[in-house]
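What the coordinates show
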Amino acid sequence: MRINPQARLISGVAAAAWPLAFSDDETDYGTLLNEIGEARLVLIGEASHGTHEFYRERARITCMLIERKGFDAVAVEADWPDSYRLNRFVRHQGNDGNAEQALAGFRRFPAWMWRNMDVLAFAEWLRKRNAVAAKRVGFYGLDLYSMYTSAQEVVRFLEAVDPDAAKRARYRYGCFDHFGEDSQAYGYAASFAMAESCEKQAVEQLTELLAHAARAEGDESELFSAEQNARLVRDAEHYYRTMFVGRINSWNVRDRHMGDTLDRLVEFLGRQSKVVVWAHNSHLGDARATEMGRMGELNLGQLVRERYGEQSFLLGFTTHDGDVTAASDWDEPAQRKIVRHALAGSYEALFHETGVGDFLLMLRRGDVRELLRRPMLERAIGVIYRPQTERISHYFEARLAEQFDAVIHIDRTRALIPLEKSVPWQRGEAYETYPTAV
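Residues numbered from 1 in each chain as written. Predicted model: local features only at pLDDT ≥ 70, side-chain atom pairs only at ≥ 80, totals over all residues. Heavy atoms only, no water.

**Describing the overall build of the protein chain**
Scanning the protein chain from terminus to terminus reveals 20 helices and 11 strands. Since a compact globule built from 438 residues should have a radius of gyration of about 22 Å, the 22 Å found for the protein chain is in line with a globular shape. Projecting the C-alpha coordinates of the protein chain onto the three principal axes gives extents of approximately 80 × 50 × 40 Å. Put simply, of all contacts in the protein chain between residues at least 6 apart along the chain, 76% involve residues at least 24 apart. Here the protein chain displays about 19,000 Å² of accessible surface, and carbon together with sulfur accounts for 50% of that area. Of the side chains in the protein chain, 55 bear a positive and 65 a negative charge, and the two mean positions are spaced by 2 Å. (Helix = DSSP H or I, 4+ residues; strand = E, 2+ residues; numbered from the N terminus. Rg over C-alpha atoms; globule rule 2.2 N^0.38 Å. Contact = heavy atoms within 4.5 Å. Areas by Shrake-Rupley, 256 points an atom, 1.4 Å probe, with all protein chains shown as cover. Lys, Arg positive; Asp, Glu negative; His and termini not counted. Charge placed at Lys NZ, Arg CZ, Asp CG, Glu CD.)

**Here's the deal with the side chain of N252**
With respect to the secondary-structure elements, N252 resides in helix α12 (residues 247–269). When near neighbours in sequence (up to four residues on either side) are disregarded, N252 contacts G296, E297 and L298.

**Quick word on the packing of helix α9 (residues 183–191) against helix α11 (residues 220–242)**
The packing of two helices is summarised by the inter-axis angle and the distance between the axes. It is at 7 Å that the axes of α9 and α11 come closest, and there the two elements cross at 65°. By the angle between their axes, α9 is roughly perpendicular relative to α11. The element α9 and its partner α11 pack so that their crossing is right-handed. Of α11, the residues touching α9 (which contributes S183, Q184, Y186, G187, A190 and S191) are E237, Y240 and R241. Residues that form the contact of α9 with α11 fall into these classes: three nonpolar, four polar and two charged. (Axes fitted to C-alpha atoms, helices over the stretch in contact; angles between N-to-C directions. Parallel < 35°, antiparallel > 145°, perpendicular 65-115°, else oblique. Left-handed = near helix turned anticlockwise from the far one by under 90°. Nonpolar A, V, L, I, M, F, W, Y, C, P; charged D, E, K, R; others polar.)

**Section: the confidence of the model for the protein chain**
When pLDDT is averaged across the protein chain, the result is 93; 95% of the residues are at 70 or more. Confidence over residues 433–438 falls short of pLDDT 50; this stretch has one contact with residues more than four positions distant or in other chains. (pLDDT = per-residue confidence, 0-100.)

**So, the nonpolar core**
Within the largest apolar cluster, 72 residues are counted, with the highest numbers of intra-cluster contacts made by L262, V275, V277, F351, L361 and L372. By residue number, the principal contributor to this core is α11, which donates nine residues. In this view, L372 contacts L9, V13, Y347, L350, F351, L361, L363, R399, L400 and A401; residues no more than four positions away in its chain are not counted. (Core = buried A, V, L, I, M, F, W, Y, C linked by side-chain atoms within 4.5 Å. Buried < 20%, exposed > 50% of the residue type's maximum accessible area, 1.4 Å probe, protein only.)

**Some points on helix α1 (residues 5–16)**
The first and last C-alpha atoms of α1 sit 17 Å apart over 12 residues, in line with the 16 Å expected at 1.5 Å per residue. Every buried residue belonging to α1 is among L9, I10, G12 and V13, and all of these are buried. Around the axis of α1, the buried residues are gathered within 165° of arc, so they sit on the same side. Projecting away from the buried face of α1 at angles above 90 degrees are the exposed residues R8 and A15. Buried-residue contacts for α1 involve α16 (347–353), β8 (359–362), α17 (367–371) and β9 (376–379). Between a side-chain oxygen at the N-terminus of α1 and the backbone nitrogen of Q6 the separation is 2.7 Å; the capping residue is N4. (Expected span 1.5 Å × (residues − 1). Arc of directions from axis to C-beta. Polar contact = N/O pair within 3.5 Å; in protein donor to acceptor, adjacent residues only side chain to side chain.)

**A short note on the state of the cysteines**
As enumerated under the stated definition, the model contains one disulfide in all. Here C175 engages in a disulfide with C198; their sulfurs sit 2.0 Å apart. Judged by the sign of its S-S torsion, about -85°, the bond between C175 and C198 is left-handed. Here the residue C175 occupies a position in the loop between α8 (163–173) and α9, and C198 occupies one in the loop between α9 and α10 (199–215), the gap between them amounting to 23 residues. Of the two residues, C175 and C198, neither departs from the other in class, the shared state being buried. (Disulfide = S-S within 2.5 Å.)

Right, here's the structure in full:
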C-alpha cells in the first residue's frame, strides 16, 4: 500500500521529536547540550520579537551553557551602547542600582524587545551569578541603529582621557547634527545628494580613535567599547545611506556589521572564548537555506557558519498559534496581538499536526534531516505583525534542516510582558470568536 507523503512526513517528525515538559529541572535540554558539544558560538533564535516562551527558554538554555560549558558572554540583536550599560550592571560596574535601571537605555522603538520581564529576570540572574563566579560573564550588543548615541559615547570617553581629541570628535560628528538625531532623514538626504555625506568624518574619527588605542593605557574594556561605538557610527552611516538604495544592500550591511562585531568580541575576550548569540531566526538561521539567500541576502548565521564551521551551533524556535507583543506599524505602541494558526504547507503547521505539542528536534543527522530538507513555508514575526497580510508579510520559503542544527517548537505561545504596558497592550485583541471563545 502506498504511504501518503504527508503522513510519512508527520510520523517521521513525531518519531524524532523530543517532548519538552518545561519543568524546573534541566532534563529537557540534556540532549541539546550533548549535541552542542564543544561549540564556541551558539546562536539561539526566536520566531518573533515578542514571545514570552522564546525569551524564557532561550535564557534557560543560556544559563546552562554558562554554568555547564563555561560560556563567557551573551551577544544580542541590540545596540552596543544600550547593551553595554547592562553589561556594566551584570558585571557589578556602573551606577545602576537595579536591573530595571540598567535596562533604561533601551528606549528606542521597539523598547519592549529588551525592556521586558524575561530579560529583566535574566539580567538579575546574571548579576547574582557574577557576584560569586571567578569569571564574570558579559552582555553585549551587535546591532547598529544607535548612530547618534554611539557618537555621544565616543565623545564622552574621549572627554575623560583626551579633551583635545574629544573636541575633534565633537566637530566631526557635528556633521550629523543637521538632522536632529533622525538617522533615516540623514540617510535619505545623503543618498540623494540633498546633503553632505558624513562618511569621511566617521571614518576619520574611527581612524584617530584606533591610533589612540594603540598607545593608550587604562581600562581595556572601556577602550574596546569606545572603539566599537566608533565602528558603529561608521557602519551605521553606511547603512542609512544604503536604506534608500535597496533592501538587500542595507540588510547585508547590517548583518555584516553584526558578524564583524561578534568576531571582534571573540577576539577581545580571547581566541577560545565562548559566546551565546540572541537574535531573530531570520538573522541566525543560515540564509543560504532560505529564499533570502536566493535573492542575494546573507545573514549572521551564514557568516558564523562560514567563519567558525563545526565550532558553531544554530538553534531556532517555531510556534503554531497564541498571542504576541508587536506593533501594527513602525514606531506605534506595543499591542498584545493574536497569532493566527500557521498556514497549511508550513513547518509550523506540520509540527502542530504531529500532536506532540512542545518538542525539541535535532536536525544534523537521521531520517528527519532528509525529511526536512524539502522547501516549506516558515513564519517570521518581527516587531510588526500584520495578520491581515499573513502570507505576504510573515512567511518565506526555507529548508529547515539546512537552516538550523536544531529547532524548538512550542505549539501555543504567549506575549512577553513589557516593563511599560501601554493601553493597547493591556487591552489586547479579542479572538474572532469573542465573547464565546469557542
